Amino acid sequence: MNYDTYKREWVEAFTPWKREPKEYPDNSPGFSSDYESFNPKRQRFYLHAQNKHLDVYTKMAALKTSTSVVSLESYSGKEEIFQCSGTIIESVDTSSIILTAASLLRCSKARNSIADDIKVIVHLFDGRAFDGHIEAYDFHYNVAAIRIQSDTPLPIASLAHLNDSIMIRPSQLRVTEEKPFQLRPHSNSFHLIPGDSVIALGRFNKKPYDIMAAPGEFRQPRRPRLGMEVTNLYAVDLEILERIISKFPEVMEGIIVEEVIPGGSAEFAGLKHNDVIIQFGGRKVRSFLELFHDMWKHVGESVELVVIRASADVPLHLTMVVEEATSDKLYSWPFWEV
């Protein structure tokens with residue numbers, strides 16, 4: 001057991017808000033009986049104890065935005081295609097935009113096209129149902145925007161730009177004490193790093209369309225299709241980090257190349273294992289999310305990179321092409337039924 005796990009379990013053991021799971025006998029008319037057996041997806045979701053028995057802090061966080069979480073289902077004719085959840089991100093007068101997964105629209109036979117005769121139904125937190133109209137979608141990044149018309153404006157979720165960067169200072173290389181990061185007042189950017197607690201919110205697709213919350217931890221996000229595996233500089237092993245910034249002490253943030261895929265654009269550009277990308281397209285790159293955001297704007301283009309390499313005395317200027325995803329190179333976005 002590592003220190004973080006021990007500390008978390010110790011804190012949980014002494015919190016006054018934690019309640020033990022309530023057991024029902026097999027013939028009891030309680031919550032775990034008829035109510036759950038009616039919906040198999042509800043049963044599977046609640047197989048994980050952390051999803052069913054939430055502490056008060058998780059509940060309060062979920063309730064802050066629960067009214068903006070909706071349930072969606074799609075049909076091709078009378079055949080059901082997909083069920084998922086979405087978030088209301090914009091509401092002006094009676095028109096609202098919902099951000100959701102493009103899998104809701106995908107044809108089962110052609111991965112890169114919309115299903116024929118498609119119909120989308122949106123259920124709000126209060127059970128009201130609306131026809132959804134496709135506003136935009138992208139199957140590669142698996143996102144879709146669905147518009148609905150309601151009688152009144154709907155509650156929206158508060159969105160913020162995610163920043164997963166941490167500045168590495170040479171003087172901190174041997175420091176073992178963890179220093180907390182806090183969101184600055186009135187900031188529109190939220191620091192989120194691997195290990196932070198997160199809560200996934202969704203809504204069941206059957207009456208009464210209950211909210212569901214799954215606590216978890218933020219992990220390293222997906223890699224861009226650049227012919228390489230990358231991660232944030234602060235996440236690498238200490239000995240690698242020490243070799244890099246002992247030679248380039250001014251470098252405190254960046255993206256490190258963990259693997260170069262043979263035949264990819266990264267290999268053709270001359271990138272190597274343990275190279276650190278500090279600029280992409282003329283912009284400083286502090287974290288993976290920034291790189292992902294910038295590469296999205298340069299698909300199919302040649303982009304200049306500034307790279308530092310432990311075996312080089314000066315930063316290197318390389319040029320690489322941001323590959324365009326084709327139908328056979330779409331990202332793989334697994335979805336687990338809940």
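Reading the values: the criteria
- Residues numbered from 1 in each chain as written.
- Predicted model: local features only at pLDDT ≥ 70, side-chain atom pairs only at ≥ 80, totals over all residues.
- Heavy atoms only, no water.
- Helix = DSSP H or I, 4+ residues; strand = E, 2+ residues; numbered from the N terminus.
- Buried < 20%, exposed > 50% of the residue type's maximum accessible area, 1.4 Å probe, protein only.
- Contact = heavy atoms within 4.5 Å.
- Phe/Tyr/Trp six-rings, centres within 6.5 Å; stacked < 30°, edge-to-face > 60°.
- Pairing = 2+ DSSP bridges.
- Axes fitted to C-alpha atoms, helices over the stretch in contact; angles between N-to-C directions.
- Salt bridge = Lys/Arg side-chain N within 4 Å of Asp/Glu carboxyl O.
- Arc of directions from axis to C-beta.
- Core = buried A, V, L, I, M, F, W, Y, C linked by side-chain atoms within 4.5 Å.
- pLDDT = per-residue confidence, 0-100.

Some thoughts on the overall build of the chain
Within the chain, the regular secondary structure consists of 8 helices and 16 strands. Within the chain, the proportion of its 338 residues that are buried is 37%. Across the chain, every contact between residues at least 6 apart in sequence was considered, and the portion connecting residues at least 24 apart equals 61%.

Section: the packing of aromatic side chains
Inspection of every chain in the model, using the stated rule, returns 2 aromatic pairs. Aromatic side chains Tyr-137 and Phe-139 sit 5.1 Å apart centroid to centroid with 50 degrees between the ring planes, which places their arrangement in the tilted category. Of the residues examined, Phe-139 reaches a relative accessible area of 3% and is grouped as buried. Look at Phe-288 and Phe-292: their rings are 6.0 Å apart centre to centre, the planes differ by 35 degrees, and that puts the pair in the tilted class. In this pair, Phe-288 and Phe-292 are both assigned in helix α8 (residues 288-296), 4 residues apart and thus about one turn of the helix distant. Taken individually, Phe-288 and Phe-292 each receive the classification buried, so the pair is uniform in this respect.

Some details on the environment of Val-260
Its location among the elements puts Val-260 in strand β12 (residues 255-260). Sequence separation between Val-260 and Gly-227 is 33 residues, and the spatial gap between their C-alpha atoms is 6.3 Å. Look past the residues within four positions of Val-260 in its chain and what remains in contact with it is Gly-227, Met-228, Ala-266, Glu-267, Leu-271, Lys-272 and His-273.

So, the sheet that holds strand β3 (residues 95-100)
Backbone-to-backbone hydrogen bonds pair the strands of a sheet. The strands run either parallel or antiparallel. Ordered by their spatial adjacency, 6 strands build a closed barrel running β1-β2-β3-β6-β5-β4, and the pairing between neighbours is antiparallel. Each neighbouring strand pair of the sheet contributes to a mean axis angle of 40 degrees, computed without reference to strand direction. In terms of strand pairing, strand β5 (residues 129-138) meets strand β6 (residues 143-149) through 5 bridges, oriented antiparallel. Bridge assignment links Tyr-137 to a residue of β6, and that residue is Ala-144.

Points about the pattern of salt bridges
With the rule as written, the count across this model stands at 8 salt bridges. One salt bridge connects Glu-135 with Arg-147, and the closest N-O pair in it is separated by 3.0 Å. Highlighted residues: Glu-135 in strand β5 and Arg-147 in strand β6, separated in sequence by 12 residues. Judged by relative accessible area, Arg-147 falls into the partly exposed class, the value being 23%. For the salt bridge of Arg-286 with Glu-290, the shortest nitrogen-to-oxygen distance reads 2.7 Å. One salt-bridge network, in which partners are shared between bridges, spans Arg-283, Asp-294 and Lys-297.

Topic: unusual backbone geometry
Of the consecutive residues Lys-207 and Pro-208, the connecting peptide bond is found in the cis state with omega at 5 degrees. Tracing the backbone shows Pro-208 in the loop between β9 (197-203) and β10 (211-217). The phi torsion at Asp-117 lies on the positive side, around 50 degrees, for a residue other than glycine. Position of Asp-117 relative to the elements: it lies in the loop between β3 and β4 (118-123). One non-glycine residue, Asn-274, adopts positive backbone phi at about 75 degrees. Mapped onto the elements, Asn-274 comes out in the loop between α7 (265-269) and β13 (276-280).

Some words on helix α6 (residues 238-247)
Listed as buried for α6 are Ile-240, Leu-241, Ile-244 and Ile-245. Down the axis of α6, the smallest arc covering the buried residues is 110 degrees, so these residues share one side. In the core, the buried residues of α6 are packed alongside β12, β13 and β15 (302-308).

Things to note about the nonpolar core
One finds Met-228, Val-230, Ile-255, Leu-271, Phe-280, Met-295 and Met-320 to be the most contacted residues of the largest nonpolar core, which totals 22 residues. Elements represented by at least two residues in this core include exactly β11 (228-232), β12, α7, β13, α8, β15 and β16 (316-321). A total of 4 residues in this core trace back to one element, the largest contributor, which is α8.

Quick look at the environment of Asn-112
Secondary-structure assignment places Asn-112 in the loop between β3 and β4. Note: C-alpha distance between Asn-112 and Phe-139 (27 residues apart in sequence) is 6.4 Å.

Notes on the confidence of the model for the chain
Averaged over the chain, the pLDDT score is 79; the fraction of residues at 70 or greater is 75%. In this model, residues 24-37 is a region of pLDDT below 50 whose contacts with residues beyond four sequence positions or in other chains number 16 contacts.

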